[in-house]
Amino acid sequence: MRADRLVAALLFLQTRQRVTAAELAAELDVSERTARRDLEALASAGIPVYSQAGQGGGWSLVGGARTDLTGLTAPEIRELFLLTGADATASPQTRTALRKLVRALPSPLRDGAEAAARAGVADGTDWAGTETEEAGLAPLQRAVVEAREVRLGYARPGREPRERTVHPLGIALKSGVRYLVADTEHGLRTFRIGRVTSVTETGAPAVRPEGFDLPTAWRALAARMEDRLVAATVRGRAAPGTEPVLEGLLGGRVRYGERAPDGWTPIEADGPSPEVIAAQLAGLGARVELLDPPEARAALIRIATELTELYGPGE
């Protein structure tokens with residue numbers, strides 16, 4: 001959650017005369033590249049952070065290590081609150097912390113900070129009406145921080161919720177969606193927090209695997225998930241003007257060849273399986289023709305047959 005990190009990075013800077021990106025990365029449990037981007041974001045927001053290159057260099061706050069938040073100028077405070085207040089991924093704890101910071105400011109600066117905080121909005125639903133502010137987030141954050149084993153109720157799409165005992169190890173945010181990283185009887189797993197139905201502490205401590213590093217573990221788990229998402233490729237062709245619809249359905253998982261004289265464009269599309277890709281494209285009807293593999297064509301025939309039996313033949 002970047003809003004949390006920006007506030008934490010600023011407070012960390014205030015306690016040190018000079019910090020390196022590596023030191024901040026270790027403090028915030030992020031990569032060095034991410035820490036450097038956060039420092040640059042603070043600097044570009046107008047907060048008096050500057051870097052010094054060379055041996056013994058690093059990042060510092062202008063005015064020394066003991067500069068407190070009330071030492072910031074009004075434009076700097078407004079920019080910080082704009083950065084954080086408009087972050088839709090900011091947690092309730094972050095927003096509570098911001099309110100406390102507002103109260104700690106001297107009155108001449110408080111009005112501007114409050115106005116900046118009101119200038120951003122965080123919407124907890126997407127356009128499809130799906131909740132993205134998960135009820136399970138707070139207890140899972142607590143379980144991670146306090147190293148508590150939990151019984152997790154979890155519902156996969158189209159299935160009844162199941163309970164399992166897990167050891168919460170961290171929370172990752174990817175494209176606005178939060179995932180719990182946990183150790184289970186089957187090894188490290190990820191759980192989409194929006195699908196968590198219940199969180200119950202067992203009273204036992206969570207066991208952290210030896211040498212566990214959250215960023216490293218997340219990269220490995222994410223790579224595994226991404227491999228599953230592109231495990232199969234189908235080939236076909238698309239009618240003129242279909243490209244925007246295909247990109248809306250498949251994003252970067254669709255590729256185009258050179259347009260044919262008849263206006264149709266060769267395509268390749270990746271997905272978990274030929275059947276899944278075929279189901280995703282079935283709604284385009286005759287605007288997309290899949291050529292291979294045979295499993296994809298068979299899936300479309302099956303879908304067409306089921307729809308014909310359900311709704312009857314056309315007149």
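Up top is the structure.
I will try to describe carefully the structure that is included in this document. Here the residue numbers are simple positions, counted from 1 along each chain's written sequence. Local features in a predicted model are, by the rule used here, given only for residues with pLDDT of at least 70; side-chain atom pairs are given and counted only at 80 or more, and totals for whole chains, interfaces and linings are based on all residues. Only hydrogens and water are set aside; all other atoms, that is, all heavy atoms of the structure, feed into the side-chain values.

### Re the sheet that holds strand β9 (residues 254-256)
Phase 1: Pairing between two strands requires that DSSP report at least two bridges joining them. In this description a helix means any DSSP run of H or I spanning at least four residues, a strand means any run of E spanning at least two, and both kinds are numbered starting from the N terminus. Strands sit in the order β9-β10-β8-β11 across an open sheet of four strands; the sheet is antiparallel. Edge positions in the open sheet fall to β9 and β11 (288-292), since each of these has one partner strand only. Sheet twist, expressed as the mean angle between neighbouring strand axes with direction ignored, is 30°.
Phase 2: Bridge count for β9 against strand β10 (residues 265-271) is three bridges, and the pairing is antiparallel. Across the sheet, residue V254 finds its bridge partner in β10, namely A269.
Phase 3: Here a residue-residue contact requires only that any non-hydrogen atoms of the pair lie within 4.5 Å. Axis definition: a line fitted to C-alpha atoms, over the contacting stretch in the case of helices. Angles run 0 to 180 degrees between N-to-C directions. Contacting β8 (232-238), β9, β10 and β11, helix α9 (residues 243-250) crosses the sheet at an angle of about 150° to β9.
Phase 4: Together, β8, β10 and β11 form the strand contacts of helix α10 (residues 274-281), whose direction differs from that of β8 by roughly 35°.

### Regarding the pattern of salt bridges
Phase 1: Here a salt bridge means any side-chain nitrogen of Lys or Arg lying within 4 Å of a carboxyl oxygen belonging to Asp or Glu. Per the counting criterion, the structure on display carries ten salt bridges.
Phase 2: In this structure, D292 engages R235 in a salt bridge whose closest nitrogen and oxygen atoms are separated by 3.6 Å. Of this pair, D292 sits in strand β11 while R235 sits in strand β8, placing them 57 residues apart in sequence.
Phase 3: Each residue is placed in one exposure class: buried if its accessible area under a 1.4 Å probe, protein chains only, is under 20% of its type's maximum, exposed if it is over 50%, and partly exposed if it falls in between. The class for D292 is partly exposed, based on a relative accessible area of 30%.
Phase 4: Residues R255 and E268 are paired through a salt bridge, measuring 3.1 Å at the closest nitrogen-oxygen approach. Of this pair, R255 sits in strand β9 while E268 sits in strand β10, placing them 13 residues apart in sequence.
Phase 5: Residue R255 is classed as partly exposed on the basis of its relative accessible area, which comes to 34%.

### Some words on the layout of surface pockets
Phase 1: Throughout, the protein atoms alone are placed on a 1 Å grid, and a set of points is a cavity if a 1.4 Å probe fits but cannot get out or a pocket if it is open with protein on both sides within 12 Å along at least five of seven lines; lining residues have an atom within 4 Å of a point. Grid points are joined across faces, edges and corners, and a volume is the space filled by probe spheres set on the points. The calculated volume of the second largest pocket comes to roughly 840 Å³.
Phase 2: Forming the boundary of the second largest pocket are 24 residues, of which Y179, R195, M225, R228 and L229 lie nearest the centre.
Phase 3: At the level of elements, β5 (177-184), β6 (187-192) and α8 (214-229) are the ones that each hand at least two residues to the lining of the second largest pocket.
Phase 4: If one sorts the elements of the lining of the second largest pocket by residue count, α8 sits on top with eight residues.
Phase 5: Along the lines of polarity and charge, the residues of the lining of the second largest pocket split into eleven nonpolar, three polar and ten charged. As a working rule, the residues Ala, Val, Leu, Ile, Met, Phe, Trp, Tyr, Cys and Pro are called nonpolar, Asp, Glu, Lys and Arg charged, and the rest polar, with Gly in that last group.

### Notes on α10
Phase 1: Here α10 has its buried residues at P274, I277, A278 and L281. Considered in projection along α10, the buried side chains sweep an arc of 100° and stay on one side of the axis. What the arc measures is the spread of directions leading from the helix axis to the C-beta atoms.

### Things to note about the packing of aromatic side chains
Phase 1: When two rings of Phe, Tyr or Trp (its six-membered ring) have centres within 6.5 Å they constitute a pair, described as stacked for plane angles under 30 degrees, edge-to-face for angles over 60, and tilted for the intermediate range. With the rule as written, the count across this model stands at two aromatic pairs.
Phase 2: Ring geometry for Y154 versus F191: centroids 5.2 Å apart, planes at 80°, classification edge-to-face. Here Y154 is found in strand β3 (residues 148-154), whereas its partner F191 is found in strand β6, with 37 residues between them in sequence. Just as Y154 is buried, F191 falls in that class too.
Phase 3: Measuring from centroid to centroid gives 5.7 Å for Y179 and W218, while their planes differ by 40°, and the two rings are tilted. Residue Y179 is found in strand β5, and its partner W218 is found in helix α8; the two are separated by 39 residues along the sequence.
Phase 4: A relative accessible area of 15% places Y179 in the buried class.
Phase 5: Since its relative accessible area comes to 14%, W218 is described here as buried.
Phase 6: Here, over-ring charges are defined by two tests on the NZ atom of lysine or the CZ atom of arginine: distance to the ring centre within 6 Å, and angle to the ring normal within 35 degrees. We note R237 situated over the ring of W264; from NZ or CZ to the ring centre the distance is 4.2 Å.

### Description of a positive patch on the surface
Phase 1: Exposure above 30% relative accessible area and the lack of any salt bridge qualify a residue for a patch; like charges then connect within 9 Å, and the nonpolar side chains Val, Leu, Ile, Met, Phe, Trp and Tyr within 5 Å. Every accessible area reported is derived by Shrake-Rupley at a probe size of 1.4 Å, with residue values counting cover from the shown protein chains alone. Residues counted as positive are Lys and Arg, residues counted as negative are Asp and Glu, and His and the chain ends are not counted. In this description, the location of a charge corresponds to atom NZ of lysine, CZ of arginine, CG of aspartate or CD of glutamate. Together, R156, R159, R162, R189, R224 and R228 give the surface a local cluster of positive charge.
Phase 2: Relative to the assigned elements, R228 resides in helix α8.

### Focus: the environment of L140
Phase 1: Inspection of the secondary structure puts L140 in helix α7 (residues 137-146).
Phase 2: In this structure the C-alpha to C-alpha distance between L140 and P168, which are 28 residues apart in sequence, comes to 7.3 Å.
Phase 3: For L140, the contacting residues outside a window of four places in its chain are L152, I171, L180, I193, V196 and V199.

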